[in-house]
Each structure stands twice: as C-alpha cells, then as structure tokens.
Amino acid sequence: RILEAITDRTLLPGQRIRQNELAEKLGVSRQPVSHALHLLHKQGLVAESGRRGFEVTQLDPERIRQLYEVRGAIDALAARLAAERAATDAAGCAALEIALHAGCGIDRRTPLAELIALDVAFHSAIYRLSGNPALEEMIAPQWPHMRRSMATVLAELDYRESAWSEHEAIAAAILTGNAEDAEAAAQAHALTAGRRTEERLRALDKAA
C-alpha cells in the first residue's frame, strides 16, 4: 500500500514519511511499517531523511531515460518472441487480447492507479506470451520505478490515448505473427514513453 501511494503520487516526491502517522493510517503497528520502508529504501524508492526518518525519492529524468532504453531492448525481444509463438499459444494470445481490450476502454475519468495497472498488465501479457520468463524476471525489479514514471505522463489526457494506440499496433503485429513489426513497434513505444517522461520530469523540475 505504501508502494501504491508512491506510485500514484498520493505520496509525492520529496514528501516526508512519518512512520507513526502512516502506521495509524494503515491500522498496523509501527514495526511492519518500518520494515516496509527499509525494503523500499533498498529499492531506491525512499531515502533517509533526518533522524530515523524517510522521504519519497525524486525521479531522476536521466535515470528514467536509461531505464526505458533497457526496457526498449527487452520489450522488443519479448514482442518478437511473442509474435513467433502466437500461432501456437492460443491462451497467450487470448490473454493479450483481453489486456488490450481492457486498456482501450479507458476514458478521461479512469483513475491514474487503474491506468498504470492496465498498462503493466498489457506488457506482462506480452512477456508471458514470449515464452521466456527470464525477460519478465529481468524487468520486474525496475517496474516500481517505471510505474512512478508512468504516473507523470499518463496524467496527460492526450498521452493516454496515444499510448493505447501504440499498444494496439504492437498487439496487431504480435497476433498476426509479424515478428519484425512487433519488435520495431515495441521498441519505438518504449523509447517514446521514455522520451516523453524525461521531458515531463525536466519540465516539472523547472516549474518547481
């Protein structure tokens, strides 16, 4: 729940986290909150602040761009492998179609947390269809950081629609077994998302 609050910006970058208040709000003792915060600290999502305190870390635009470059390569390979397996994995294709249909049903009132969850579900369906679990295992530790970055661009109404248009193109190539187009579309999508996120974060930094 703390991770979700950081991801959907209920807890903002730079915001101080008071463990007693958080424990009371969550209805738990201070000990599990302290343990959770130390785990999040190891992941780079919170930083030590003052005496025995924590605060939400800031998103580094350059670091986010670097993560998306890596993700672009992983997503491209996942999409290529998924397209190559599409003809023999009906269940995987059905799962991808379901994820795509759910995402295409968003509108201007869809909550940010749901937008992020739908986006992750779509890409996870591609990883599973690829038949190579190592791809999802490699990207999994970075998802919390990318989920945070998604919140900065998915808050823009125009990008919500364009992102799912790109998803449709990726899914269409995969489902028709066009490995080259699937690979190119997936990589282009990741790089575009990374660029827009970096630009948005730098603009927010300047505004601050």
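Here, the structure is the one placed above.
Before going into details, it helps to say that this report is about the structure given with it. Treat the numbers as computed from the prediction; the structure is a model and nothing was measured.

1. Remarks on the sheet that holds strand β3 (residues 54–56)
Piece 1. In spatial order, the strands read β1-β3-β2; together these 3 strands make up an open sheet with antiparallel pairing. The sheet is open, and its two edges are formed by β1 (16–17) and β2 (46–48), each paired on a single side.

2. Focus: the packing of aromatic side chains
Piece 1. If you walk through the whole model with that rule in mind, you get 1 aromatic pair.
Piece 2. Both rings, one in Phe122 and one in Trp164, keep their centres 5.6 Å apart while their planes meet at 70°; by these two values the pair is edge-to-face. With a gap of 42 residues between them, Phe122 in helix α6 (residues 112–130) and Trp164 in helix α9 (residues 157–175) connect regions that are remote in the sequence.
Piece 3. Residue classification places Trp164 among the buried residues on the basis of a relative accessible area of 5%.

3. Quick notes on the side chain of Arg160
Piece 1. Tracing the backbone through its elements, the reader meets Arg160 in helix α9.
Piece 2. Buried charge Arg160 goes without a salt bridge, the closest partner of opposite sign being Asp107 at 6.2 Å.
Piece 3. Side-chain polar atoms of Arg160 contact the backbone oxygen of Thr110, separated by 3.4 Å.
Piece 4. Look past the residues within four positions of Arg160 in its chain and what remains in contact with it is Ile106, Asp107, Arg108, Thr110, Leu115, Leu154 and Ala155.

4. What to know about the packing of helix α4 (residues 61–85) against α6
Piece 1. Closest axis-to-axis distance for the α4/α6 pair is 7 Å, and the angle between their directions is 55°. Of the possible angle classes, the one that applies to α4 and α6 is oblique. For the pair α4 and α6, the sense of crossing is left-handed. Contacts between α4 and α6 involve Arg71, Ile74, Asp75, Ala78, Ala79, Leu81, Ala82 and Arg85 from the former and Asp119, His123, Ile126, Tyr127, Arg128, Leu129 and Ser130 from the latter.
Piece 2. Looking at side-chain class alone, the contact of α4 with α6 contains 8 nonpolar, 2 polar and 5 charged residues.

5. As for α6
Piece 1. In this model α6 runs 28 Å from its N-terminal to its C-terminal C-alpha over 19 residues, within 8% of the 27 Å that 1.5 Å per residue would give.
Piece 2. For α6, a buried count of 14 out of 19 residues is recorded, marking the element as mostly surrounded by other parts of the structure.
Piece 3. Gly131 occupies a position one or two residues after α6 and carries a positive phi of about 80°.

Cut-offs applied
- Residues numbered from 1 in each chain as written.
- Predicted model: local features only at pLDDT ≥ 70, side-chain atom pairs only at ≥ 80, totals over all residues.
- Heavy atoms only, no water.
- Pairing = 2+ DSSP bridges.
- Helix = DSSP H or I, 4+ residues; strand = E, 2+ residues; numbered from the N terminus.
- Phe/Tyr/Trp six-rings, centres within 6.5 Å; stacked < 30°, edge-to-face > 60°.
- Buried < 20%, exposed > 50% of the residue type's maximum accessible area, 1.4 Å probe, protein only.
- Lys, Arg positive; Asp, Glu negative; His and termini not counted.
- Salt bridge = Lys/Arg side-chain N within 4 Å of Asp/Glu carboxyl O.
- Polar contact = N/O pair within 3.5 Å; in protein donor to acceptor, adjacent residues only side chain to side chain.
- Contact = heavy atoms within 4.5 Å.
- Axes fitted to C-alpha atoms, helices over the stretch in contact; angles between N-to-C directions.
- Parallel < 35°, antiparallel > 145°, perpendicular 65-115°, else oblique.
- Left-handed = near helix turned anticlockwise from the far one by under 90°.
- Nonpolar A, V, L, I, M, F, W, Y, C, P; charged D, E, K, R; others polar.
- Expected span 1.5 Å × (residues − 1).

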